[in-house]
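Chain and residue survey
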Amino acid sequence: MEMIKLENLGVRRGNRQVLDAISFSAGAGELIGVIGPNGAGKSTLMQAVIGLVRSTGTIEIAGNASGSMKAKDLAKLVAYLPQEREVAWGLTVEKLVALGRIPSLSGFSQVSQKDLEIVETAINQMEVGHLKNACITKVSGGERARVLMARALAQDTPILIADEPAAGLDPEHQIHLMAILSRIANQGKTVLVSLHDLNLAARWCSRLLVLESGKMRADGNPDVVLDSALVEDVFKVRSVAVEVEGQRAFLPVSRVDQGQGGASAANSIRAQENA
Amino acid sequence: MKISARTFALYTALYTALILGLILAFFTSVVLGPASIDVREGLMGLVGVGPEPVVVVMQEIRLPRAILGVLIGMTLGLSGAVLQGYLRNPLAEPGLVGVSASASLGAVIAIYSGLATLFPMALPLLALAGAAVSGVLVQMLSGKGQALTLILAGVAISSIASALTSLALNMSSNPFAAMEIVFWMLGSLEDRSMEHIKLAVPFMVVGWLMLASVGKDLDLLTLGEDTAVSMGVNMKRLSFTVITGVAASVGAATAVAGAIGFVGLFVPHVMRPLVGNQPSKLLFPSALAGGILLSLADVGVRVITPDSNLKLGVVTALIGAPFFLWLVLSTGRRELQWR
């Protein structure tokens, strides 16, 4: 079943066409990375999918036209983690993660034992158990990012949309985060995640959407989609692709507009790799 | 969320202390006054037993005043807690959405036009009308219910209402009317009757019910508007509920007692750490604590100046203003630490 289906999606902000004619569909079990330079429309795409910005075209979530769904019903299907890590009040980490269960509660009902187990699992998955009783405003930026991801996981929806969840995490926790996302995708969920780190995207995502100036530049398997030519064209950086432990990794070397110096550096690294 | 046994015990202790405190504050307010009536005689008078003057003082002067102190304090505490949660700002208070200033303008029009002299209930009725108009205008101006637009709309409405109130004072040819306006604007529970209570209570109860229903939405707003919307919060409906709830309850409070500041700012801030900073858990304790604070402030008014020169709004401002200053300074320090 198609969990997310976009047809000809467009978003305008003032005179600027932020997204233009975006179409794709995502099924259960896919971990889809959305990549593209700053301003390409990654965050807007995610916001449009859950109806936070006005858009044209059609959006279907689990077979339902998103505009016809009640916000509460949509919240039971999609968990969204925005790029901004705003927390207004100093709740404890445990209470904050438990907020993720509110969309599944009806009326004045309180969380059940099962809800608490889901919260506990989310906290353990993101390895923030030691912070359970800490005040969210007193933890570090990376820890806050992990707690907020635990909140999204606690929503326990079939679709997870996360906007740059790896930003600000140390390398160990970036890998840990991607492993968690990969695991929940393998469990049958649909995960849409925007990333700036091309190596994380190439290594962990089952599919990549490449956005450039609001348009879909490429859509497919990372091995097919991502190469040095695309990186140079879309991200305006010369890079070399190296293979480390059987995984492809991209090493950005210079900006395209910096002339031949960068190109020669890239060529020299390529030559060393080939030697 | 489900709470641990320890948290349950803490909440039970807090609620018990607040409810007992409110009952105590209410009885203190009933038994204390310029007329020297001893406690037993006063309580008998309250149920209509004893000398006629005592019964009149207790039933027609002290009882309405004590009841209004509790009701208005609860209104200000609850609406302050809701607005701070809704706007995600500890500096928010009921006056911010323009309701108090507009209700005051309605009352001032009643005094200025002489309607209040001809028909005493014209004053609270026009004040309620002022609150209703401001509620509708803020609702219209705030659009999709985003916090910043709501604040701007509230400030705009407040400014217009204050300007028109100043105009009425400026143009008032009758110095007694001008003085009455000024005294009314200072806020007081003096000489209020059961009629005032009957007028205010229905609006207050409707407002309270609306405000008490938004707890879960306020909890979700802790994570920002985008996340809250993605988790099922309908910002437009929430904004309607909050503004209408504040307009009805604070409008009714202002209509019968004038503008009483700082309670709505002070009380939620004091209660917040006691409930683990969770907006939904803050509502009930803030209402109770608001009732206690205003009742005690009114007792203070009567004890300090039995000849009733001191107005209640002045006392709450005298308590609240230094607190506000401390709040600004401590918030500033926290901001610096975060950087």
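Residues numbered from 1 in each chain as written. Chains lettered and ligands numbered in written order. Predicted model: local features only at pLDDT ≥ 70, side-chain atom pairs only at ≥ 80, totals over all residues. Heavy atoms only, no water.

1. Notes on the overall build of chain B
To be explicit about the condition: Numbered from the N terminus, helices here are DSSP runs of H or I no shorter than four residues, and strands are runs of E no shorter than two. Radius of gyration here is computed from C-alpha atoms only, and the compact-globule reference equals 2.2 Å multiplied by the residue count raised to the power 0.38. Contact definition: two residues touch when any of their heavy atoms are within 4.5 Å. For accessible areas, the Shrake-Rupley method is used with a probe of radius 1.4 Å. Any residue's cover is judged against the shown protein chains and nothing else. Residues counted as positive are Lys and Arg, residues counted as negative are Asp and Glu, and His and the chain ends are not counted. Here the site of a charge means NZ on Lys, CZ on Arg, CG on Asp, or CD on Glu.
Summing up its helical and strand segments, chain B has 15 helices and 0 strands in all. For a compact globule of 339 residues, the expected C-alpha radius of gyration is about 20 Å, and chain B comes in at 20 Å, within 12% of that figure. Projected onto the principal axes, the alpha-carbon positions of chain B cover approximately 60 × 55 × 35 Å. Taking the contacts inside chain B whose residues are at least 6 apart along the sequence as the reference set, 77% of them involve residues at least 24 apart. A total of about 14700 Å² of accessible surface is found on chain B, and carbon and sulfur atoms cover 72% of it. Within chain B, the 16 negative side-chain charges are centred at a point lying 13 Å from the centre of the 19 positive side-chain charges.

2. Quick look at the domain arrangement of chain A
All names here are of chain A. Note the threshold: The domain limits used here are those given by an automatic or database domain assignment. Throughout, buried area stands for the accessible area (probe radius 1.4 Å) lost by two parts on being put together, summed over both.
Examined at the domain level, chain A breaks down into domain 1 (2–222) and domain 2 (227–275). On a C-alpha basis, the centres of domain 1 and domain 2 stand 30 Å from each other. Taken together, the contact pairs 12 residues of domain 1 with 10 residues of domain 2. Carbon and sulfur atoms make up 62% of the area that domain 1 and domain 2 hide from each other, which totals about 960 Å².

3. Structural notes on the packing of helix α13 (residues 263–271) of chain B against helix α14 (residues 279–304) of chain B
Residues and elements named next belong to chain B. Counted only if it meets this: What counts as an axis is a line fitted to C-alpha atoms, over the stretch in contact for a helix, and the angles between N-to-C directions run from 0 to 180 degrees. Any angle between 65 and 115 degrees counts as roughly perpendicular, while under 35 counts as roughly parallel, over 145 as roughly antiparallel, and the rest as oblique. Here is the rule for handedness: rotate from the far helix to the near one, and if that takes an anticlockwise turn smaller than a right angle the crossing is left-handed, while a clockwise turn gives right-handed. The classification used treats Ala, Val, Leu, Ile, Met, Phe, Trp, Tyr, Cys and Pro as nonpolar, Asp, Glu, Lys and Arg as charged, and all other residues, Gly among them, as polar.
Here α13 crosses α14 at 125 degrees, and the two axes come no closer than 9 Å. Looking at the two axes, α13 sits oblique to α14. Along this stretch, α13 crosses α14, giving a crossing that reads as right-handed. On the side of α13, the interface is formed by Val263, Phe266, Val267, Pro268 and Met271, while α14 contributes Leu282, Pro285, Ser286, Ala289, Gly290, Leu293 and Leu294. For the contact of α13 with α14, the class distribution of residues is 10 nonpolar, 2 polar and no charged.

4. A short note on the packing of aromatic side chains
All names here are of chain B. Note the cut-off: Put simply, two rings from Phe, Tyr or Trp (the six-membered ring, in Trp's case) pair if the centres are within 6.5 Å, and we call them stacked under 30 degrees between planes, edge-to-face over 60, tilted for the rest. Buried, partly exposed and exposed residues are distinguished by accessible area as a fraction of the type maximum, computed with a 1.4 Å probe on protein chains only: under 20%, between the cut-offs, and over 50%, respectively.
Scanning the entire structure with this criterion turns up 3 aromatic pairs over all chains. Judged by centre distance (5.4 Å) and plane angle (45 degrees), the rings of Tyr15 and Phe284 are tilted. Taken together, the residues Tyr15 in helix α1 (residues 5–31) and Phe284 in helix α14 connect sequence positions 269 residues apart. With relative accessibility at 23%, the residue Tyr15 sits in the partly exposed group. Residue Phe284 is classed as partly exposed on the basis of its relative accessible area of 44%. Three or more aromatic residues link up through ring pairs in this structure, and these residues are Tyr11, Tyr15 and Phe284.

5. Regarding the sheet that holds strand β2 (residues 16–27) of chain A
Residue and element names in this part refer to chain A. Note the following rule: Strands pair, by our definition, only if DSSP identifies at least two bridges between them.
Strand order in the open sheet formed by 4 strands is β2-β1-β4-β5, and the pairing between neighbours is antiparallel. Strands with a single pairing partner mark the edges of an open sheet, and in this sheet they are β2 and β5 (64–65). Sheet topology places strand β1 (residues 2–13) next to strand β4 (residues 56–61); 5 bridges connect them, and they run antiparallel. When the bridges of β4 are listed, Glu7 appears paired with Thr58. Strands in contact with helix α1 (residues 42–49) are β1, β2 and β4; relative to β1, the strand with the most contacts, it is inclined by about 120 degrees.

6. Digging into a nonpolar patch on the surface
Residues and elements named next belong to chain B. Selection criterion: Like charges are joined within 9 Å and nonpolar side chains (Val, Leu, Ile, Met, Phe, Trp, Tyr) within 5 Å, but only among residues with over 30% relative accessible area and no salt bridge; these make up the patches. Throughout this description, the term salt bridge denotes a Lys or Arg side-chain nitrogen within 4 Å of a carboxyl oxygen of Asp or Glu.
Together, Ile19, Leu20, Ile23, Phe27, Val39, Leu43 and Phe284 give the surface a local cluster of nonpolar side chains, amounting to about 610 Å² of exposed area. Elements with a minimum of two residues in the nonpolar patch: α1 and α2 (39–46). The topology assignment puts Phe27 in helix α1.

7. Some points on the nonpolar core
To keep things clear, this is the line we draw: To form a nonpolar core, buried Ala, Val, Leu, Ile, Met, Phe, Trp, Tyr and Cys residues must be joined to one another through side-chain atoms within 4.5 Å.
Formed by 151 residues in total, the largest nonpolar core has its most connected members in Met149 and Leu181 of chain A together with Ile72 of chain B. With 16 residues, the top contributor of residues to this core is helix α3 (residues 52–87) of chain B. Mapped onto the domain boundaries, this core takes at least three residues apiece from domain 1 (2–222) and domain 2 (227–275) of chain A. Apart from residues no more than four positions distant in its own chain, Leu181 of chain A is found in contact with Leu31, Met149, Leu160, Val191 and Val193 of chain A. Leu45, Val53, Tyr80 and Leu192 of chain A belong to the second-largest nonpolar core, a separate cluster that totals 31 residues.

8. Looking at the pairing of strand β7 (residues 159–163) of chain A
Residues and elements named next belong to chain A. Under the convention used in this document: Seen with the strands pointing away from the viewer, any crossover whose path from the first strand over the helix to the second strand runs clockwise is right-handed.
Within β7, 5 of the 5 residues are buried, which leaves it mostly tucked inside the rest of the structure. Burial along β7 is two-sided: Ile159, Ile161 and Asp163 and Leu160 and Ala162, pointing in opposite directions, are all buried. Where strand β6 (residues 78–81) lies against β7, 4 bridges are found, and the strand directions are parallel. Looking across to β7, one finds that Val78 is bridged to Ile159. Between β7 and its parallel partner strand β8 (residues 190–194), the chain crosses via helix α6 (residues 171–186), and the hand of that crossover is right-handed.

9. Observations regarding the pairing of β1 of chain A
Note: β1 of chain A against β2 of chain A, 8 bridges, orientation antiparallel. What sits directly across from Arg12 of chain A, in β2 of chain A, is Gln17 of chain A.

10. Considering a positive patch on the surface
Together, Lys70, Lys72 and Lys76 of chain A together with Arg237 of chain B make up a region of like positive charge exposed at the surface. You can see Lys72 of chain A is positioned in helix α2 (residues 71–77). Residue Lys72 of chain A is classed as partly exposed on the basis of its relative accessible area, which comes to 41%.

11. Some details on the interface of chain B and chain A
Quick note on the threshold: Polar contact is defined as a pair of N or O atoms within 3.5 Å, subject to the rule that within protein one atom must be able to donate a hydrogen and the other to accept it, and that residues adjacent in sequence are counted only when both atoms are side-chain atoms.
Counting residues at the interface gives 28 residues for chain B and 35 residues for chain A. For the pairing of chain B and chain A, the buried interface totals around 2700 Å² over both sides, and the portion due to carbon and sulfur atoms is 63%. Between chain B and chain A we count 1 salt bridge in total. Arg88 of chain B is the partner of Glu86 of chain A in a salt bridge, and the nearest nitrogen-oxygen pair spans 2.5 Å. For the pair chain B and chain A, the interface holds 3 residue pairs in polar contact (both at pLDDT 80 or more). Every element with two or more residues in the side of chain B that touches chain A is listed here: α3, α10 (215–221) and α11 (225–230) of chain B.

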